[in-house]
Amino acid sequence: MEESHGGDKARSRLCCICNQRRPALRRPKTLQQICRECFYVVFEEEIHRVIVDNKLFKSGERIAIGASGGKDSTVLAYVMSELNRRHNYGLDLFLLSVDEGITGYRDDSLETVKRNEVQYGLPLKVVSYKDLYGWTMDEIVKMIGLKNNCTFCGVFRRQALDRGAALLKVDKLATGHNADDIAETVLLNILRGDIARLSRCTSIITGEDGPIPRCKPFKYTYEKEIVMYAYFKKLDYFSTECIYSPNAYRGFAREFIKDLERIRPRAILDIIKSGEDFRIATSTKMPEQGTCQRCGYISSQKWCKACVLLEGLNRGLPKLGIGRTRGINGDRQKDDQQIGVKNLQSKACESLDF
Amino acid sequence: MARDVIRVRVATKTDSGDQEEQLSTEKKLPADANGDDNHRRHRMMCLKCKAIEATVFTGGDGGGRFCADCFRSNLYGKFKLAVTSNAMISPTDKVLVAFSGGPSSRVALQFVSEMQLKAQKNYDATANRDRSLPVFGVGVAFIDESEIHPVTSAVLDKAVEDIKQIVFNLPQPTKELHVAPINHNYATKTNDGEQMLKNLMNSVGDATGKEDLLAHLRMLSLQKIATENGYTKLVLGSCTSRIACHVLAATVKGQGYSLAADIQYADARWEVPVVLPLRDCQLQELNVLCSLDSLKIVEIFNEPCGGINGLVSSFVKVLQEENPSRECTIVRTAGKLTPFPFNRIPEGNVDDADLVSQRRQKKFNLKPIESLPPESFCPLCNSPMNCYSNPEPRPQLFRAACCPSCQYQILPDEPSSMDQFYSLLPESIIARAKNGNQKWIREKIQDFLLSDGEDEA
Amino acid sequence: MQLTLEFGGGLELLCDSVKIHNVDVDLPAETQKLTMKHLLPWVRSNLIKERPEMFIKGDTVRPGVLVLVNDCDWELSGQLDTTLEDKDVVVFISTLHGG
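A quick note: this is a predicted structure, and the numbers were derived from the prediction, not measured. (Residues numbered from 1 in each chain as written. Chains lettered and ligands numbered in written order. Predicted model: local features only at pLDDT ≥ 70, side-chain atom pairs only at ≥ 80, totals over all residues. Heavy atoms only, no water.)

Enquirer: Can you break down the overall build of chain B residue by residue, with the values?
Expert: For chain B, the helix and strand inventory stands at 17 helices and ten strands. For chain B, buried positions account for 50% of its 457 residues. Accessible surface for chain B amounts to roughly 21800 Å². Of this, 52% is attributable to carbon and sulfur atoms. (Helix = DSSP H or I, 4+ residues; strand = E, 2+ residues; numbered from the N terminus. Buried < 20%, exposed > 50% of the residue type's maximum accessible area, 1.4 Å probe, protein only. Areas by Shrake-Rupley, 256 points an atom, 1.4 Å probe, with all protein chains shown as cover.)

Written as structure tokens, this is what we have:
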């Protein structure tokens, strides 16, 4: 293991920041030996700096925190609530959760989010696929099997969050995507040849021209540190794999990043930096935004993606909208989007087209 | 360079039975001697000529099936297309081919020699007509890295002998072979270059940094051989597979800005422009050709990489097993990055250069501002640096002149160690730090330079 | 030696969904000292009921698994060389799940 940079040359038994307390961990990001209290301080302070330096929020805004009950969103809710108080951001914070209707998976994590609502004092709104679309994921899988279920879930979730955010009348959505996620997405976009997504995936704010802008306050926060923080602070979270998600080749990329982190922790941030620095012509034309004729959601086609998929389900043509078929919109669907959504599954499927 | 596992197997026609091992998932049809075997033959025919049975199965793009001749001509075709459409080699050029002993550079050597031979034949055929276009010259360079990767003198001597044989047996005309040690860069200093090099390498703590520094020094050696012997182009055998690894490695090291510079067909930021004619060929194809044509390879100095480079190699290997086209996709993605102004061959036929650059400008939708040259280059790795990496135009300290990646993985942390490191650097690197990339500065002010005949400033 | 082993972040799924295990581990005959190096294979054999590759890789934990001994990061106590004492609490948390 490379240990010639920073790190623990001096094996003194004190926290290297306060020099008083016994260290409890070696910070994954910087390899500093640090005690719990100082860890909390630097962790929270770094996120505060990210929020301020990138102007993520404005005073008075209503912000929905995408809450899955998992570690990232739980810690995000906790930290944002804390920073909002401490630094007077003046934000109106909400928890927004999506119920896909996957038995055994979502029930438990929704319970966790409900507990978070109480623990952090943040109002919770749950939007369910059943309410929005008339189908649960369990029902969809029963209908179409395990082949393209992630496509459905991905498209539906994206809309569900936007619709939920609209119902709550929020100005922005904050998600718990962390540095590891973003690094992984950079690599995946290179592996898949998606130069358009590659140019957007490191942006800390996305979708400013869409219904609800989204931001990622954890862009530079290491996943390991989120877990450490949650552990020491005894934050309540739930973790499991989506029972329907296959372990796609995203697994290879994740493994690679973890191996990298072991020999050079800053590699994760370096990948993000590369993603930001790639010379990509910014002239990729954004499609014209109209509205879906069926449901009124924002769409560049006659029907939005979700409506196309739903039409297929309701008509018993589950392949409608998947792959290069001539769909309702009368033109070839780009299967790149499907592949993108499908392969961007790992965690609680929140890692979507951002 | 380490040899990858050969993923393509070549049928041995001399064997009695059908010894075709295939990577494709086609079911092997039973040998039907009597009945209509048109269907079977159709399945197994060479995709290109459709006349001969296929014996080479490449799992890559399109799942190719070729007979030996078509496979060879297909591969040479890729090489030739790269050379001509990027104006890599012009008749007045003297081309130096870097030969490491491995399969990629072996094929580069072979193809360049064949191209030269063809040009020579054309030249001879026009004996009584206009002979204005000469034939380009070819030389070969081998860098002896035994100071860094110790080998017994017996091993080294045999390798050099083998290389001499290979070069001697290339198609006519005879090519000059230059063998230089990796401490070549220190030749002008009075101190013992070998010791300085060893001390320099020892002062780099990071395993990846060491490997990368060695690669930078290797390039410097090649450049030195080229300039000292009047070569005008440097050919590297970098293939798709190698470039794919470089794309990921550079991404991981935070070199996303400069990546576009390293992976184009041409790179003119060096004194002697570097060209990559095998950019579109996969390592497996090159291995197959070496096997098919019995092109001799010399395995030396090819220890597997450690650190980041090693991890990336393993990762790409795993990806290739899952999908044999992955390398191509990676390089294709990186190919969509906007290249730098120096990623084209500046001299040669004016029309060609214009055409090439016009095509590029159109393809990449370059605005004039993006065509502006970067302000500075890292003295160690020669990477272009954007203004955000290096706000100081004329940094006082060597450290500040280097790119963030080299600062992290190559330069020592302590200021005192830094002084010592600086004292061990070859003169050419120090000059780059002080004076900038001379080649590029000259290019920029080209139009304003008075020619020799006029008054000099 | 009595130890309390905790599994979190999804690792509990590999141990029949039991998060906390109170175990008695035999000391290795030669040294009479128990280190993490010995504990890991013991855990693999005795507690991990499925997909061991999610927990262990080579002779150490899979990259992405955090290890805490008595609430202290094992990176500080020498990782595999960390010595364990009676009544110690070892926590394994996977970072590779959830959102």
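Enquirer: Explain the packing of aromatic side chains to me, and be specific about the residues and the numbers.
Expert: Within the structure shown, the criterion is met by 23 aromatic pairs over all chains. On the numbers, 4.1 Å between centres and 0 degrees between planes, the contact of F256 of chain A with F315 of chain B is stacked. Highlighted residues: F256 of chain A in helix 10 (residues 250-263) and F315 of chain B in helix 10 (residues 307-322), drawn from two different chains. Classification of F256 of chain A by relative accessible area gives buried; the value is 3%. Given a relative accessible area of 5%, F315 of chain B falls into the buried group. Aromatic ring contacts, followed pair by pair, group F39, Y40, F43, Y78, Y120 and Y229 of chain A into a single cluster. The ring of Y40 of chain A is capped by K233 of chain A, whose NZ or CZ atom sits 4.4 Å from the centre of that ring. Above the plane of the ring of Y265 of chain B lies R279 of chain B, whose end atom (NZ or CZ) is 4.7 Å from the centre. (Phe/Tyr/Trp six-rings, centres within 6.5 Å; stacked < 30°, edge-to-face > 60°. Lys NZ or Arg CZ within 6 Å of the ring centre and 35° of its normal.)

Enquirer: Run through the sheet that holds strand 6 (residues 65-69) of chain C, naming residues and quoting values.
Expert: Pairing within the open sheet is mixed, and its five strands lie in the order 2-1-9-6-7 (chain C). Each end of this open sheet is capped by a strand with a single partner; those strands are strand 2 (20-24) and strand 7 (72-73) of chain C. Relative to the sheet, helix 9 (residues 223-232) of chain A contacts strand 6, strand 7 and strand 9 (88-94) of chain C, its axis offset from that of strand 6 of chain C by approximately 35 degrees. Helix 1 (residues 36-46) of chain C rests against strand 1 (2-8), strand 2, strand 6 and strand 9 of chain C of the sheet, and its axis sits at about 65 degrees to strand 1 of chain C. (Pairing = 2+ DSSP bridges. Contact = heavy atoms within 4.5 Å. Axes fitted to C-alpha atoms, helices over the stretch in contact; angles between N-to-C directions.)

Enquirer: Kindly report on the packing of helix 7 (residues 240-252) of chain B against helix 10 of chain B, identifying the contributing residues and their values.
Expert: Residues and elements named next belong to chain B. Where helix 7 meets helix 10, the axes come as close as 9 Å, and the angle between the chain directions of the two elements is 130 degrees. Compared by their axis directions, helix 7 and helix 10 come out oblique. The hand of the helix 7/helix 10 crossing is right-handed. Two secondary-structure elements touch here, helix 7 through C245, L248, A249 and V252 and helix 10 through I308, N309, V312, S313, F315 and V316. Split into classes, the residues belonging to the contact of helix 7 with helix 10 amount to eight nonpolar, two polar and no charged. (Parallel < 35°, antiparallel > 145°, perpendicular 65-115°, else oblique. Left-handed = near helix turned anticlockwise from the far one by under 90°. Nonpolar A, V, L, I, M, F, W, Y, C, P; charged D, E, K, R; others polar.)

Enquirer: Describe the interface of chain A and chain C, naming the residues involved and giving the relevant values.
Expert: By a widely used convention, the size of an interface equals the accessible area lost when the partners come together. Contact with chain A, which involves 34 residues of that partner, is made by 27 residues of chain C. Together chain A and chain C conceal approximately 2700 Å² of surface at their shared face, both sides included; 52% is due to carbon and sulfur atoms. Looking only at chain A, the three residues that lose the most surface to chain C are Y231, S239 and R262 of chain A, adding up to 21% of its buried area. Here chain A and chain C share five salt bridges between them. Linking chain A with chain C are nine residue pairs in polar contact (both at pLDDT 80 or more). Counting only elements with at least two residues in the side of chain A that touches chain C, the list comes to strand 1 (25-26), helix 2 (71-86), helix 9 and helix 10 of chain A. Residue contributions to the side of chain A that touches chain C peak at six residues, all from helix 9 of chain A. The residue makeup of the side of chain A that touches chain C, split by class, is ten nonpolar, seven polar and 17 charged. (Buried area = accessible area lost by both parts, 1.4 Å probe. Salt bridge = Lys/Arg side-chain N within 4 Å of Asp/Glu carboxyl O. Polar contact = N/O pair within 3.5 Å; in protein donor to acceptor, adjacent residues only side chain to side chain.)

Enquirer: Please provide a residue-by-residue account of the environment of L132 of chain A, values included.
Expert: Residues and elements named next belong to chain A. Within the secondary structure layout, L132 lies in helix 4 (residues 129-133). A relative accessible area of 28% places L132 in the partly exposed class. Sequence separation between L132 and E276 is 144 residues; the distance between their C-alpha atoms is 36 Å. If sequence neighbours within four positions are ignored, L132 has contacts with V127, A160 and R163.

Enquirer: Go over the nonpolar core with me, naming the residues and quoting the values.
Expert: Counting 93 residues, the largest nonpolar core has L217, L234, L248 and L380 of chain B as the members making the most contacts within it. Sequence-distant contacts of L248 of chain B, defined by excluding residues within four places in its chain, comprise L187, I190 and L191 of chain A together with V312, F315, V316 and I330 of chain B. In terms of nonpolar packing, the next biggest core, distinct from the first, is built from 51 residues, C215, I226, Y231 and F232 of chain A among them. (Core = buried A, V, L, I, M, F, W, Y, C linked by side-chain atoms within 4.5 Å.)

Enquirer: I'd like a description of the confidence of the model for chain A, backed by residues and values.
Expert: Low-confidence regions, as indicated by low pLDDT, have predicted coordinates that should not be scrutinised in detail. All names here are of chain A. Of all residues in chain A, 81% attain a pLDDT of 70 or more, and the chain-wide mean is 81. Every residue in residues 1-11 is under pLDDT 50, and counting partners more than four places away or in other chains gives 29 contacts. Overall, residues 330-354 carries pLDDT values under 50, and its contacts beyond four positions in sequence, including any with other chains, amount to 89 contacts. (pLDDT = per-residue confidence, 0-100.)

Enquirer: I'd love a proper account of helix 7 (residues 179-192) of chain A, names of residues and values included.
Expert: All names here are of chain A. Across its 14 residues, helix 7 extends 20 Å between first and last C-alpha, which sits within 8% of the 20 Å expected from 1.5 Å per residue. Extensive coverage of helix 7 is indicated by the burial of 14 of its 14 residues. Looking at where helix 7 begins, the residue whose side-chain oxygen comes 3.0 Å from the main-chain nitrogen of D180 is N178. Just downstream of helix 7, G193 is the residue with a positive phi angle, here 80 degrees. (Expected span 1.5 Å × (residues − 1).)

Enquirer: Could you give me a rundown of helix 5 (residues 193-202) of chain B, with the residues and numbers involved?
Expert: Residue and element names in this part refer to chain B. What helix 5 keeps buried is the set G193, M196, L197, L200 and M201. Seen along its axis, helix 5 keeps its buried residues to an arc of 130 degrees; they face one direction. Tucked inside the fold, the buried residues of helix 5 contact helix 6 (207-228) and helix 15 (415-423). (Arc of directions from axis to C-beta.)

Enquirer: If you had to explain the sheet that holds strand 5 (residues 176-181) of chain B to someone new, which residues and values would you point to?
Expert: Residues and elements named next belong to chain B. The six strands are arranged 5-4-3-6-8-7 in an open sheet whose pairing can be described as mixed. Single-partner strands in this sheet number two, and they are strand 5 and strand 7 (266-267). Sheet analysis places strand 3 (residues 94-98) next to strand 6 (residues 233-235), joined by three bridges and oriented parallel. Paired with V95 across the strands is K233, a residue of strand 6.

Enquirer: Could you give me a rundown of the domain arrangement of chain A, with the residues and numbers involved?
Expert: Residue and element names in this part refer to chain A. What the domain assignment lists for chain A is domain 1 (49-286) and domain 2 (288-323). Contacts between the two partners involve 17 residues from domain 1 and, on the opposite side, 14 residues from domain 2. Note on domain 1 versus domain 2: buried area summed over both sides is about 1400 Å², and carbon and sulfur give 73% of it. By the criterion of area lost to domain 2, the three top residues of domain 1 are W135, F152 and Q159, representing 31% of everything that side buries. Applying the counting rule to domain 1 against domain 2 returns zero salt bridges. The tally of links between domain 1 and domain 2 comes to one residue pair in polar contact (both at pLDDT 80 or more). Breaking the side of domain 1 that touches domain 2 down by element, the ones donating at least two residues are helix 5 (137-144) and helix 6 (149-168). Element by element, the count of residues in the side of domain 1 that touches domain 2 is highest for helix 6, at eight residues. In terms of residue class, the side of domain 1 that touches domain 2 is made up of ten nonpolar, four polar and three charged. (Domains from an automatic or database assignment.)

Enquirer: Kindly report on the pattern of salt bridges, identifying the contributing residues and their values.
Expert: Think of it this way: side chains of opposite charge can pair up when their charged atoms draw near. Evaluation of the coordinates by the stated rule reveals 52 salt bridges over all chains. With a shortest N-O distance of 3.9 Å, R62 of chain A and D92 of chain A are connected by a salt bridge. Of this pair, R62 of chain A sits in strand 3 (residues 62-66) while D92 of chain A sits in strand 4 (residues 92-99), and the two are 30 residues apart along the sequence. Between R72 of chain B and D293 of chain B there is a salt bridge; the shortest N-O distance is 2.6 Å. Taken together, the positions of R72 of chain B in helix 2 (residues 68-85) and D293 of chain B in the loop between helix 9 (283-292) and helix 10 put the pair 221 residues apart, joining distant regions of the chain. Classification of R72 of chain B as partly exposed rests on a relative accessible area of 26%. On the basis of relative accessible area, D293 of chain B is assigned to the partly exposed category, the value being 28%.

Enquirer: Tell me about the environment of R254 of chain A, and please be specific about residues and values.
Expert: All names here are of chain A. By the secondary structure assignment, R254 is in helix 10. A sequence separation of 71 residues divides R254 from A183, and the C-alpha atoms of the two residues are 9.2 Å apart. In terms of polar contacts, R254 uses its side chain to reach the side chain of D181, at 2.9 Å.

Enquirer: An account of the pairing of strand 4 (residues 137-144) of chain B is requested, with residue identities and associated values reported.
Expert: Residues and elements named next belong to chain B. With respect to burial, strand 4 is a largely interior element, seven of its eight residues being buried. Where strand 3 meets strand 4, five bridges bridge the pair, whose relative direction is parallel. Each residue of the ladder has a partner; that of L96, found in strand 4, is G139. Of the pairings in the sheet, the one linking strand 4 to strand 5 comprises six bridges and is parallel in character. Within strand 5, the residue paired with G139 across the bridge is E176. You can see the chain leave strand 4, run along helix 4 (residues 153-168) and come back into strand 5, and the turn it takes is right-handed. (Right-handed = clockwise from strand over helix to strand, strands pointing away.)

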